[in-house]
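Structural overview for review
Next come the chains, spelled out residue by residue.
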Amino acid sequence: MTAFRGGLLNMKKSFLFAAVCAATFSLMPSVLSAQDIWDDYMEYRDSRWKKTLSVDRFTPMGYGLSVIQGDDAFCDQTSFGKNRNFFIGLFDVDYKPFRDVMVSLGVMLDWNSYRMNREYYWQPSLLEDNAVEPILASVAGIKEVKKSVLKVISLDFPLDITQDLGGGFTFTIGAAAEINFSGRTKFKGILTDGTKVKNGGYVTDEIRTRPVTYNIHAMLHWNDAGLFVKYNPESRFQTGHGPQFSSWTVGLLL
């Protein structure tokens, strides 16, 4: 009798073990399926959003020279190499609709400086406040102009499309809105009586600019270097407060 009960108990244990094993094997496909679904979702999320839409440090930094067109009073007294542009990217938002194509909206700082031949300088206007005009130095009692520069800083918002060309090459084309801060001048020279002057009454700041201008640009990158070209169709300065011109700028991406 005791042996019968022991055998019955062993049968119950075997049955229970078999039931547990059967249940486990029956649930495994659904467990694996749920894991696969989760893995698929994570892969989709990473590839579709985390890798496709991102906020990054904006890398472009460039230095270029500008060709000035339009304002005869300025253009006739300047030359290629005297007007310079420097910019540095801050950050941008990138979106990749395709593997080799990127759309980006960035923020960058943009410095522009304008110079004339040494016979001329930027004189604060006697007719308009917060304005400058090119003046022949000799008629103003200046023997030698060592430095006379007109500067303006802008905060740019470029919207670009970049194509990966392969082999480390990328090509970018886009346009940028420019938020312009007030312009200013610097001066250094020698008067006809030998007096050396640095700034003094020969400079002005708070020169009125157009609040918003724009440029069209293109860049060819190869790894960490490249070339850029930029076209500004209008002057950053308000009419009557600074030279009126368009410009082409070409330079290096650093």
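For every chain, the first residue of the written sequence is number 1, and numbering continues from 1 along that sequence. Whole-chain, interface and lining totals are the exception, using all residues; otherwise, since this is a predicted model, local features are given only for residues with pLDDT of at least 70 and side-chain atom pairs are given and counted only at 80 or more. Hydrogens are left out, water is left out, and the side-chain values use all remaining heavy atoms of the structure.

1. Considerations on the pairing of strand 9 (residues 184-191)
Paired strands, in this sense, are two strands between which DSSP finds at least two bridges. We count a stretch as a helix when DSSP gives it H or I for four or more residues in a row; a strand needs E for two or more, and each element gets its number in order from the N terminus. With eight bridges connecting them, strand 7 (residues 142-166) and strand 9 associate as antiparallel partners. In the strand pairing of strand 9, Val 149 is matched with Lys 186. Pairing analysis gives three bridges linking strand 9 to strand 10 (residues 196-198), with the strands arranged antiparallel. Within the sheet, the bridge partner assigned to Gly 189 lies in strand 10 and is Val 197.

2. Comments concerning the pairing of strand 4 (residues 101-115)
Where strand 3 (residues 84-98) lies against strand 4, twelve bridges are found, and the strand directions are antiparallel. Residue pairing across strands places Phe 87 opposite Asp 110, the latter belonging to strand 4. In this structure, the hairpin formed by strand 3 and strand 4 is closed by a connection of two residues. Relative to strand 7, strand 4 is paired through 13 bridges, and the arrangement is antiparallel. If you follow Arg 115 over to strand 7, its bridge partner there is Val 149.

3. Focus: the pattern of salt bridges
In what follows, salt bridge is the name for a side-chain nitrogen of Lys or Arg lying within 4 Å of a carboxyl oxygen of Asp or Glu. Under the counting rule described, the total for this entry stands at five salt bridges. A salt bridge links Asp 110 to Lys 230; the shortest N-O distance between them is 3.4 Å. Remark: Lys 230 occurs in strand 12 (residues 225-232) and Asp 110 occurs in strand 4; sequence separation between them is 120 residues. Neither Asp 110 nor Lys 230 differs from the other in exposure class; each is buried. Put simply, Arg 236 and Glu 178 hold a salt bridge, and the shortest N to O gap is 3.0 Å. In this pair, Arg 236 is assigned in the loop between strand 12 and strand 13 (246-253) and Glu 178 in strand 8 (residues 169-180), connecting sequence segments 58 residues apart. Exposure remark for Arg 236: the relative accessible area of 4% places this residue in the buried category. Relative accessibility under 20% of the residue-type maximum defines a buried residue, over 50% an exposed one, and the middle range a partly exposed one, all with a 1.4 Å probe and only protein chains included. Judged by relative accessible area, Glu 178 falls into the buried class, the value being 0%.

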